[in-house]
Every structure is written in structure tokens, then in C-alpha cells.
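Breakdown of the fold
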Amino acid sequence: MNVNLKVLSVAALFFLGAQSMQAQDTIPKKPIKTQVIDEVVVVGYKSVAKPKAVTSVAQISSETISNRPNANVLNIAQGQLAGVNIQTGTGQPGSTPSINIRGKGSLLGNNEPLYVIDGFPGTSESFRNINPNDVATFDVLKDASAIAEYGNRGSNGVVVITTKRGKFNQDLAFTYSTQYGVSTLQKNRYDLADSKQLLTLEKRLGKGRGFTLTDQQIADTTVNTDWLDYFFQPSTLQSHDISVSAGSENLNNYTSISYLDQAGLLATTDLKRFTLRNNLSGRSNDKRFKYSVGTALSLTRNRQASSLNTGGVNQNIALGALKSAPYISPNEYQNSLQLFNKYVANQTLLFTPLFLIDKTKTYLSSTDESRIDITTSASYELTDDLTASVRVNMTNRNLNDNVYQTPGAFNSLLFAGAGQEFLGFETFGQQRIFTFNNLVSLNYNKRFGKSTVDGTAYFEYNNNMAQATSQTQNGLNARTWVPGTGTGYIVSTNDLYLPRVSASQSRLNQGSAFVSGQYDYDNKYVIVANARFDTTSRFSRDNQDGIFWSVGAAWNLEREDFMKDVAFVNQFKLRGSYGLAGNDRPFGSLFGGINPQPFLNTYSIGSTPVYGTGNGLGINIGAPDTQWETTKSANLGFDFEMFNRRLRGQFDAYQRITTDAFFPIPQSPQLGQLTLTTNSQIDLTNKGLELNLAYDVLKSKTDRGVNFTLRGNVALNREEVNDLYADPYVTGDVVQTISRNGEMYQAPFAYHYLGVNANNGNLLFETANGGVTENPVDADRKQLEYGFRTPKYVGGFGFDLDYRNFFIGTTFNYVAGIYRFDYDLSGYYSPDDVGTFNVSSDLLNAWSPTNTNSNVPSNTASNRGVEAQSDRFLVEASYLRVRNLQIGYSIPKAVLAGTFVKSLTLRLQGENLYTWSRWRGFDAESTRTGDQYGYPTPRIYTFGIDVNF
């Protein structure tokens, strides 16, 4: 996109990103000259005009981000960035999605990109505290030329976000946006049994309550509880955002205040967030000195569900919603003591939903977070060619956790110790995370005729510190205990009431010195080079330092003489880059591998006596040569704009090779441990193709015509592992994976399920030579086409249509070529659950001597134990989803004339409206290899109003 700047005698236009504003008085117009200002893109620590960029960058506009009903801005980006796979995996408010750029570059370590907000490096947790309406630009850096500037933190790509600012010489402007919405549960296709069906099945199998009833009693059953509807209920969402901005000749300011209240589908979950942001920018009269100060304050309260995706029948509320028998009525629950006596008398897990009703009333887990971010920058032009800059940033997060279980809760009664009078517990946890960043740079930029030379030297320092304390009080006095106040604690020397106390501290220091240089000839040919020296306290002294680098080039063909007669091409740029970046988080989180450090031998005192009466001493062998993983990246691509810029696109081909990959290297048993996790000889390669397109099908020359734009992106990624310690490398017991040199890492390795033996109802599997067997052996396992780790294809598409004051827009996203285990489906087809939990109604059609044509194995099949090692419930979890649909209307300006309102827009939106997939559960999108008893993502409907005045 190019922006035409009209140079007027008393007019001024102020350009920031893709936004523009023009001010003009009534003096008669003089002839107008037109010049082109090129779009600006982020290429690392600075921004450059698009023709001078040699990088592969994916972008989202602020208009796309604003006013979407998502608490986390990362969720909004789903389906809109080529090569970027964003997975949510849970509907719990306040959750943070996972992002992978161009596949996963690590076998065990961190695969998340580096996040940079207003120049400040951070983690994905930062986005829980950001108001999406404050975001001005959202860029994803993917190739070597850009990510190598971030050295040992950049190998997984970089997400760069800037927040909104005021503009110089801007009139005072106010904006108010509000949304109100309703969230509902998405549908599943499990075909669960109702009460009569389940009781009938129990009677057939001689289990549970149905076994004690007659056919007539079953037919007369009236209780048919929908436990999904009971536990997962429609919830509401509301948000309010106010912003004000203004600017004088040398000073501008942007301030926003927002409030979000999002209730969860589970009544025990919600998110409340208040944010305040102020961005102040200024400059001296001679424009040589420039400065900015940004302050962001956020307060959040987040109530969470515990034990999700586990089999905790008395802990996981989602399990109760998904598996509870429908003939159990909520009215069977009266209070905790009644339930406890009921369970003691019957000793059955049939009361699972009642256990979990009690938990919703007697258990709470909540986190309060206060966060302050301060970003400052200043620059001074020492000469016309030389500019010195400094940036200082700081974040301080305080998290306070409060978890309690009341003294009279069912779980408190159930797990009471012998002679324990006071029950229940309460935990207080405090965590403080402090981050400091300092960047100093000196930039030289000089034009020599048609040549331009730009060079920058940087020094950067990062400090990260985390402190945590926790105290759990066991035993609460029900008469004096008040949640969250610290009262009612039992002071006793009795071991049953002694508090559990813990504390920890981690600190990470990183220092860097680096340079970047760029040569540009006549905006045709661009060469860029970067080199960076990093040091980190994460590893031992001998392995703290590393050098990372990149080179890149671009060629703007449309500026060549031989392209002048190709009128339909407005812009065509070839570009390429190659370089080396690092991953300094081989243990996952930012503070992983800090305390204790992985290169040290660590010792622990055993909890049980060995060699007589003394406790044993445990040892974990360290790896002194541990250092970061390194990734070599190569990228070739081109950008184009054609037919008066109605067709726009970007194509990339890339290859990423990770060396020194972290891996549990096999060791001799004589060492005392079977593996040692450190850098290995294994190489991991991701290579693929990306395409991003947009086409203006209809483009009106007036504001009363029709504009219609189609857009879409697709990415293909292939993963390959080499230099394994064993080929093939098979892992797992029940669910096995296989890795082979030259192929994907950890492909599913399972028996292929064929169906049902019509003679006896047993399960049938395919043998290695294509035969049929009921009793497969290891040699019969088959490697599947796709893996668990990352999909082969990701992408999205949509359209934007506006006519006069009406507009409509859609975004679809899709994923293809990935497997996941549907453990929920497996449980619904398990006859073992009959009598205790709900199952699929399909079990009524299971094979029997009188029903030999069934595709459901016999409920008494003798080889059902093999099923877990087969692909029967391994689902190809591709999906296509209507991620967002919005319809809106802008009130005509003529209607608003004479009022203080400049614009008024009404909009209806839907999120996660429909999904096409083979996956029969609630949500094909997940970050996990298999799903069971999880918190589904919701379908959201909202109505919003945006007012500018």
C-alpha cells in the first residue's frame, strides 16, 4: 500500500503506520504536486520504508484488531497471518494461546516466539493485560534478516506490537467503544445416551442402577439431566473503552481507559480487567531532540477452574459435565455432609456430578494481578547524519493467588486424617516478576548521490527476576475463618495442622552488543547485514557467549527501465536472507533452567530410609556444556502489487535447521540415571512455502459505491529430523511414536484398526503384510502420515464488503494435516464406564450374536486391551472454522451534523460460529496431543457501539 501525500501551501498531513490525517484551511488552492510516501514496515529494532525491507513480515492492521470480543489480542490474529499457527486449546477466561511460526524449532525447549511491545521484550503473558483497542500495529517477523537482530532469543520468530499514540498538530479527539455479548457452548457430535438408553445398557451388561430395574421402571424414568447444560451455562461479556488524544506542534498524547468483564461458561471462572495507558511524545523546536514516555497500568482478577484435562472425579468440573450419568438428578445433592454420608453408604463414583456440584460451592481459585509497564525513549540528532538514542523500559508484575477449600466441603470430609477435627485448607501465593531493559544505539545515515548508507551500533541489557512465596494452612476453624483474610487458622504442633511454606527466587541477566548495516542504491537494490554478540547468565561461564548474524538483499524490479512498459505491475520485489539465531530457553519458560541450573549436579534428601535407617541422597547429574540451541534460517520470496494495486501479495519459501537440539541423551545405567538432557547431535528441519493474497474485486471511486475485497493466506510446513541416536527411535508404552532420520519427529505409531469380527465381535487390526488379525504384534504397527506436533497446512481467508454506510467482514481459519487422540470419544465407547458414567448410545448397537453386522465391537470383546495402542480414536483433526463474522452500520455524517458526535458505528459480531471437522468433540483446535475432559472454547455473540467525538 502507498499513501499519496498532497503538498499544499498551508496543509499538513501526518502519517503513522497506515493511518493518515489531513488539515487544511480555506485559502485558495494552488496547483497540487503529488509525491509518494512508501508504507513503513518493522524489520527488527527499527522501521524502514517497504521498498528497503528485505524481510518476510506478516501484518495485521489496527482496524482488524479493534473491537473484537477477545480478551487476548493474540486470539484475534488467528487465520490472518501466513505461516503463523495460533492455538487456544481452552475456553477459560484469561488463558494465553500458543503461537508457532513456521513450525516448531525445538524438540523439548521453548517454541514460542519472542514478544516485543513498544520495543520492550517480553513473554506471551504480557497480552493478558493489554487492551486490544490500544494496539496500533501487529507485525510478525519470520526470516533470518529480522530475527537475527534478536540474537539468542529470536530463533522462533518475533511478534512486534506497538500501541497507539497521538499525532502532532492534532485536534482534541475522544473515542468511546462498548460491547455486550453472550458466550455459549459449541456443539459436539458424541451421540450420548439419555437416561433410558443408559439404564437399558446397564441392564444388558448387569451393571449399575439399571441392573436393579425392570423394563417398565426404566420406561417410567423421568429424570434426564443434561449435565453439560448444568455445568456449562451461557455467560456474558461486557467491555468499555474510552480514549482521548491530542497534539500540538511539538507535543502529543494518547490516553485510554478500559474495563472488561468476561464470565466463563463454567460458573467458577471469569476475568475482570481494568487498564490505563498513557503515551506521551514530544520534540524540540528544531526537531533534533525527540522523546516519548509510555505508562501502562493494569489490574486483573481471574478465577480459574482447576484439574482440567484430568480424571479427577471430585476435582475436574469439566469431567462432571461430560461424563455424568443423566439419570442422576442435581436434587440428590443437599449439602456436603449429606453427600459424604451418601457416598460412604454406597461407595460409588456414580455420584461424580454431585461431588462436583459441591466443589463449585466450596472451592475457589483466584489470581489478582497488578502490573505496571514504563517505556521511555529519547533520541538526539548530533549531526544531520548521526543520531544517538537511548531506551529504558521496566515492568513490574505482582500476582496474588488465593485458593481455598472450605472446612465442611465434601473433599475436606473425604480426605480427613484420623482424629482430625479441623478440616479444609487455604493457600496464599505471592509472585513478583520484575523485568528491566536498556538499549543504547548510535545511527549513521548518509546519502551519496543515488546511494544511501545506514548503520547502527547497539548495546542492550536485560534483567529478569522472579520471586515467589507460598503458604498453605491445613485445618480451618469454621467458626472464625473468613476467606482471604488469614483468620481461623489452627495453631498447633499437630502435624495435621502444620502449614506448608515455600519460597524461590530466579534471576536472569542478558547482555548484547550488535551492529546492523544497510546499503541502498536508488531504491532498487538493498543489502542488509547484522551481527550480534550475546551473553547470558543461564549457562555456565564457558558457554555464556554466542555470535549470531544474518545477511539479506532485495531487488525492486518495478524501478528498472525494462519494467516501465509493464504497466499492470505497480510493485515487484525479490528478496532473500540467510542467518543464524538462537533459542536460549531450552527448558521452556523464561525462568526454566535457572534454579537449579542445568549444568550443575544437584542433590536432594530422600524421603524414605535406605541402607538401614538413614535417608538416601538423590543426585541429578548436570551437563556443564549446556548452551542455547541455534537455528540457521534461509528465506527467498517476493512481494507484488498489480493492476493499480488491486491485487497484492507475498510469497515465501523457507528452511529452518535447528542444531544442538535439546534431547534426553541415553546414558549408561551405571551413571545412576538413564538419560542426560542437554544439547545433542540431532538436527531438526522445518521447510515450507507461504502465500498471502488480497484482491479488490470492486473498488469504488466514491464513498457511496461498493467495495469488495477478498483475502487469504496458506502455508505448508514439513518437519524433518536427522542424526537420531537410534533409527528408528520409538518412544511410549501404550501410545507409541516413531522417529526416523529424514522424516517427521514423533509420528504416531499404532495398530491400524479395521473394524469388527462378525463371528465373535472382537476388534480387527491390519497386519504388516496387509492381512487381518485380532492379536497384532509390534511388527504390525504402522506410521501415520501426519504427526502430533504441528499441522502440515495452516491458513485463513475472508472478505470485506462495504456499501455506503453498511459493511460486512468475515475471517475463516483452517488447519490440516495433524492427528490428535480423542480420549473423550474413547471413554464414551468404553463398556467399562457403564454403571458409573455416561457412554455413547452406539453401545446399544454393539455386536451381539443377534446383531452381527454392527460396526461397534462387542461390549465383552476379549481383545479390547489392544484398542488403546491402535488408531481407532486417533483422529485427523483438520478443521475449517468461521472465526469471525461482523456486520455493521455507520450513521451518516449528515445525520450527525450539528452535534458533537463525529462518527457513530453499530456492529454485530460472532466468534467461532461454526466448524467443519472430523473431530467429533467440542473443539478441534487444541495445543495438546490428546483431549479429555477439557474446557471448550465458546461461541461468542456481541453487539458493539463505537463513537468518536
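Position labels on residues start from 1 in each chain and follow its written sequence. Whole-chain, interface and lining totals are the exception, using all residues; otherwise, since this is a predicted model, local features are given only for residues with pLDDT of at least 70 and side-chain atom pairs are given and counted only at 80 or more. Hydrogens and water molecules were not included; the side-chain quantities draw on all heavy atoms of the structure.

In the annotation of an unreviewed UniProt entry, the entry for the protein reads TonB-linked SusC/RagA family outer membrane protein, and the organism field reads Frigoriflavimonas asaccharolytica. As recorded by UniProt, the Subcellular location (unreviewed entry) comment attached to the protein reads in full: "Cell outer membrane". Taken directly from UniProt, the Sequence similarities (unreviewed entry) text for the protein runs: "Belongs to the TonB-dependent receptor family." UniProt positions are given in the numbering used here, feature names are shortened, and annotations may be inferred rather than shown by experiment.

Another aspect to go through is the packing of aromatic side chains. For Phe, Tyr and Trp, where Trp contributes only its six-membered ring, two rings pair if their centres lie within 6.5 Å, and the inter-plane angle classes them as stacked under 30 degrees, edge-to-face over 60, or tilted in between. For the structure shown, the criterion picks out 38 aromatic pairs. Note on phenylalanine 572 and phenylalanine 638: the rings are 5.3 Å apart at their centroids and 15° apart in plane angle, and the pair reads as stacked. You can see phenylalanine 572 sitting in strand 26 (residues 569-583) and its partner phenylalanine 638 sitting in strand 29 (residues 629-642), a full 66 residues away along the chain. Assessed through its relative accessible area of 18%, phenylalanine 572 is described here as buried. The way it works is that DSSP assigns letters per residue, a run of H or I at least four long becomes a helix, a run of E at least two long becomes a strand, and they are numbered from the N terminus. Burial here depends on accessible area, computed with a 1.4 Å probe over protein chains only, as a share of the maximum for the residue type. Under 20% is buried, over 50% is exposed, and the range in between is partly exposed.

Put plainly, a pocket is an open set of points on a 1 Å grid over the protein atoms alone with protein on both sides within 12 Å along at least five of seven lines, a cavity is a set where a 1.4 Å probe fits but cannot get out, and a lining residue has an atom within 4 Å of a point. Grid points are joined across faces, edges and corners, and a volume is the space filled by probe spheres set on the points. Under the criterion given, the structure shown has twelve cavities of 30 Å³ or more. Within this model, the largest cavity holds a volume of roughly 290 Å³. The wall of the largest cavity is formed by 25 residues, among which Asn70, Asn75, Thr88, Thr90 and Pro938 lie closest to the centre. At the level of elements, strand 17 (270-283), strand 46 (879-890) and strand 50 (938-948) are the ones that each hand at least two residues to the lining of the largest cavity. Residue polarity is assigned by list, with Asp, Glu, Lys and Arg as charged and Ala, Val, Leu, Ile, Met, Phe, Trp, Tyr, Cys and Pro as nonpolar; anything else, Gly included, falls into the polar class. A class-by-class count of the residues in the lining of the largest cavity yields six nonpolar, 13 polar and six charged.

Here we take up helix 4 (residues 195-205). One full turn of an α-helix is made of 3.6 residues, so residues set three or four places apart face in the same direction. Taken as a whole, helix 4 has its buried residues at Ser195, Leu198, Leu199, Leu201 and Glu202. Projected onto a plane normal to the axis of helix 4, the buried residues spread over an arc of 160° and lie on a single side. The contact definition used throughout considers only heavy atoms, calling two residues in contact when any of these lie within 4.5 Å. The elements touched by buried residues of helix 4 are helix 5 (215-219). Count one or two residues on from helix 4 and you reach glycine 206, which has phi positive near 70°. When we speak of the arc, we mean the arc of directions from the helix axis to the C-beta atoms.

With that out of the way, let us pick up unusual backbone geometry. Proline 596 follows asparagine 595 through a cis peptide bond whose omega is 0°. Tracing the sequence through the fold places proline 596 in the loop between strand 26 and strand 27 (602-609). Each neighbour pair has its own omega, and for aspartate 727 with proline 728 the value is 5°, a cis peptide bond. Note that proline 728 resides in the loop between strand 34 (706-722) and strand 35 (729-731). With phi around 60°, asparagine 309 is a residue other than glycine that occupies positive phi space. Tracing the chain through its elements places asparagine 309 in the loop between strand 18 (289-303) and helix 7 (317-323). At arginine 804, a position not held by glycine, the phi torsion is positive, near 55°. Locating arginine 804 in the fold gives a position in the loop between strand 42 (793-803) and strand 43 (806-816). The class of arginine 804 is partly exposed, set by a relative accessible area of 42%.

A contiguous nonpolar surface patch, about 890 Å² in accessible area, is contributed by Tyr444, Phe448, Val453, Tyr519, Tyr521, Tyr525, Ile527, Trp555, Phe562 and Leu574. Among the secondary structure elements, those contributing two or more residues to the nonpolar patch are strand 21 (423-448), strand 23 (500-521) and strand 24 (525-536). Within the secondary structure layout, tyrosine 521 lies in strand 23. Here the term patch refers to residues with relative accessible area over 30% and no salt bridge, with like charges joined within 9 Å and nonpolar side chains (Val, Leu, Ile, Met, Phe, Trp, Tyr) within 5 Å. For every accessible area listed, the method is Shrake-Rupley and the probe measures 1.4 Å; residues are considered covered only by the protein chains on display. Whenever a carboxyl oxygen of Asp or Glu lies within 4 Å of a side-chain nitrogen of Lys or Arg, that contact is scored as a salt bridge.

With that settled, the discussion passes to the side chain of asparagine 474. Looking at the element boundaries, asparagine 474 is found in strand 22 (residues 451-476). Overall, the relative accessible area of 17% leaves asparagine 474 in the buried class. Among the polar contacts listed, one links the side chain of asparagine 474 to the side chain of arginine 500, at a separation of 3.5 Å. Look past the residues within four positions of asparagine 474 in its chain and what remains in contact with it is Gly424, Phe425, Leu496, Tyr497, Leu498 and Arg500. Counted as a polar contact is a pair of N or O atoms within 3.5 Å, where, for protein atoms, one must be capable of donating a hydrogen and the other of accepting one, and residues adjacent in sequence contribute only when both atoms are in side chains.

With that out of the way, let us pick up helix 8 (residues 336-346). If you check which residues of helix 8 are buried, you get Ser336, Gln338, Leu339 and Tyr343. Projection of helix 8 onto a plane perpendicular to its axis shows the buried side chains occupying an angular sector of 160°, all on one side. Tucked into the core, helix 8 has its buried residues touching helix 9 (352-362) and helix 10 (410-414). The backbone nitrogen of leucine 337 lies 3.2 Å from a side-chain oxygen of the residue at the head of helix 8, namely asparagine 335. Glutamine 347 lies just past helix 8 and shows a positive phi near 50°.

What follows deals with the sheet that holds strand 45 (residues 874-876). Strand order in this open sheet of three strands is 45-44-49, and the pairing throughout is mixed. The open sheet has two edge strands, strand 45 and strand 49 (930-931), and neither has a second partner. DSSP-based pairing: two strands are paired if at least 2 bridges between them are found. Bridging between strand 44 (residues 819-822) and strand 49 involves two bridges; their strand directions are parallel. Bridging across to strand 49, aspartate 822 finds its partner in aspartate 931.

Strand order in this open sheet of four strands is 35-36-37-41, and the pairing throughout is antiparallel. If you trace the sheet from one side to the other, it starts and ends with strand 35 and strand 41 (782-783), each paired once. Strand direction decides the pairing type here: strand 37 (residues 747-750) and strand 41, joined by two bridges, are antiparallel. Note on strand 41: the bridge partner recorded for alanine 750 is lysine 782.

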